[in-house]
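# Survey of secondary and tertiary structure
If you want the building blocks of each chain, they are given just below.
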Amino acid sequence: EVSALRAEGIEELLEAITLQAEDLDCRANPDTRAAGTVIESTVDRSRGPLATLLVQNGTLRRGDVVVVGTIWGRVRAMFDENGRQVETAPPSTPVQVMGLSDVPAAGNIFRVVESDREAKELVADRVEAAQTAQRERRAVTLEDLLGRLQAGETEELNIIVKTDAQGSIEPVVSSLERIQSEERRVRVLHASTGNVGESDVNLAVASGALIIGFNVGADPAARRVAEGEGVEIRTYDVIYHLIEDIERMLAGMAEPTYEAVTIGHAE
């Protein structure tokens, strides 16, 4: 039994982990390029996308070029658990990094590459592979989903959720997953923080899902891809309106909605 709040069982847990690591001979090499896992990510209004990374091998340094899936960037700054800037992060160190082009999903694997050019080539290959897979699948608009639900071709409404903060994910997802209409139900494929990005649209195309944004918008590039692929992006700022719309979709009674249309951009 472990409780961080009551400081119970922490020493026993650490001892058990240490014994297990020694028995399995778990070792990392601090002298190689860093690799590890994304723990959490968010968007800061002043600093942009922030990702908390756990370094599992190698040493992460400020200025390194990092690739996570189809997202890449150069580490402009790193912060420890107390918010202090650090220059390096050896194995088994969690750090919050600034400089990625978008918000990566928690659980994704990151690794350091040699240069910007290598990162761009790697991301381009992954994007091309995803697009090739997408061409073999059919994108889903709201009209398509309603038609398939009414025809009984599918019993699930796949949804991708994007929210403004980590704390908003759980109430939105739990509210959606409680919605059921007869034998139809909602299935949340992915939920994360930040604006709707190209990677979200690519996932929606591949999985036949709707994209729901709660207190967030969509990047211009993502909107262009969504329009070209026929992916539906819906944004809300009131959770009750979101739930009502999804309930109508499952019941096959979705009403027309009005949305803001961008007619231009100013710099």
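Residues numbered from 1 in each chain as written. Predicted model: local features only at pLDDT ≥ 70, side-chain atom pairs only at ≥ 80, totals over all residues. Heavy atoms only, no water.

## Re the pattern of salt bridges
Put simply, the test is: Throughout this description, the term salt bridge denotes a Lys or Arg side-chain nitrogen within 4 Å of a carboxyl oxygen of Asp or Glu. For the purposes of this entry, the term helix denotes a DSSP run of H or I that reaches at least four residues, the term strand denotes a run of E that reaches at least two, and both are numbered from the N terminus. The rule is simple: take the accessible area with a 1.4 Å probe, protein chains only, and divide by the maximum for that residue type; under 20% is buried, over 50% is exposed, in between is partly exposed.
One pass over the structure, following the stated rule, counts 10 salt bridges. A salt bridge links Glu114 to Arg33; its shortest N-O distance comes to 3.6 Å. Taken as a pair, Glu114 in the loop between β9 (109–113) and α2 (116–135) and Arg33 in the loop between α1 (10–24) and β1 (35–44) lie far apart in primary sequence, 81 residues in all. Here Glu114 falls in the exposed class, since its relative accessible area comes to 61%. Of the charged contacts, one joins Arg74 and Asp116 as a salt bridge, the two residues approaching to 2.7 Å between their closest N and O atoms. Of this pair, Arg74 sits in strand β5 (residues 71–79) while Asp116 sits in helix α2, and the two are 42 residues apart along the sequence.

## Here we look at the packing of helix α4 (residues 166–177) against helix α7 (residues 239–251)
Stated formally: Angles run from 0 to 180 degrees between N-to-C directions of axes, and those axes are lines fitted to C-alpha atoms, restricted for helices to the stretch in contact. The cut-offs work like this: below 35 degrees is roughly parallel, past 145 is roughly antiparallel, 65 to 115 is roughly perpendicular, and the gaps in between are oblique. Note on convention: near helix rotated counterclockwise from far helix by under a right angle means a left-handed crossing. Clockwise means right-handed. Here, residues are in contact when the closest pair of their heavy atoms is within 4.5 Å. Under this grouping Gly is polar, as are all residues other than the nonpolar Ala, Val, Leu, Ile, Met, Phe, Trp, Tyr, Cys and Pro and the charged Asp, Glu, Lys and Arg.
At their nearest, the axes of α4 and α7 sit 10 Å apart, and the two run at 25° to each other. Considered as vectors, α4 and α7 are oriented roughly parallel to each other. Note on packing geometry: the crossing formed by α4 with α7 is right-handed. Where α4 approaches α7, its residues Pro171, Val172, Ser175 and Leu176 are matched on the opposing element by Ile239, Leu242, Ile243 and Ile246. Residue classes in the contact of α4 with α7 are distributed as seven nonpolar, one polar and no charged.

## Observations regarding the pairing of strand β4 (residues 65–68)
The criterion, for reference: When DSSP finds at least two bridges between two strands, those strands are taken to pair.
Both faces of β4 are covered, namely the face carrying Val65 and Val67 and the face carrying Val66 and Val68. Bridging between β4 and β9 involves four bridges; their strand directions are antiparallel. In the strand pairing of β9, Val67 is matched with Arg111. Where β4 lies against β5, four bridges are found, and the strand directions are antiparallel. Residue pairing in the sheet places Val66 in a bridge with Gly73 of β5.

## Structural notes on the side chain of Asn158
On the secondary structure map, Asn158 appears in strand β10 (residues 156–163). Residue classification places Asn158 among the buried residues on the basis of a relative accessible area of 12%. Beyond its immediate chain neighbours, meaning those up to four positions away, Asn158 contacts Arg187, Leu189, Ser207, Gly208, Ala209 and Leu210.

## Things to note about the confidence of the model for the protein chain
Here is the rule we go by: The pLDDT value expresses, per residue, how confident the predictor is, ranging between 0 and 100.
Residues of the protein chain with pLDDT of at least 70 account for 87%, and the chain-wide mean is 85. Ranking the elements of the protein chain by mean pLDDT puts helix α3 (residues 142–151) last, at 55, and strand β3 (residues 60–61) first, at 96.

## Topic: the side chain of Arg234
Applied cut-off: Here a polar contact means two N or O atoms within 3.5 Å. Within protein one must be a hydrogen donor candidate and the other an acceptor candidate, and residues neighboring in sequence count only if both atoms are side-chain atoms.
Checked against the element boundaries, Arg234 lands in strand β14 (residues 233–236). Looking at Arg234, its side chain comes within polar contact range of the side chain of Asp245, at 3.1 Å.

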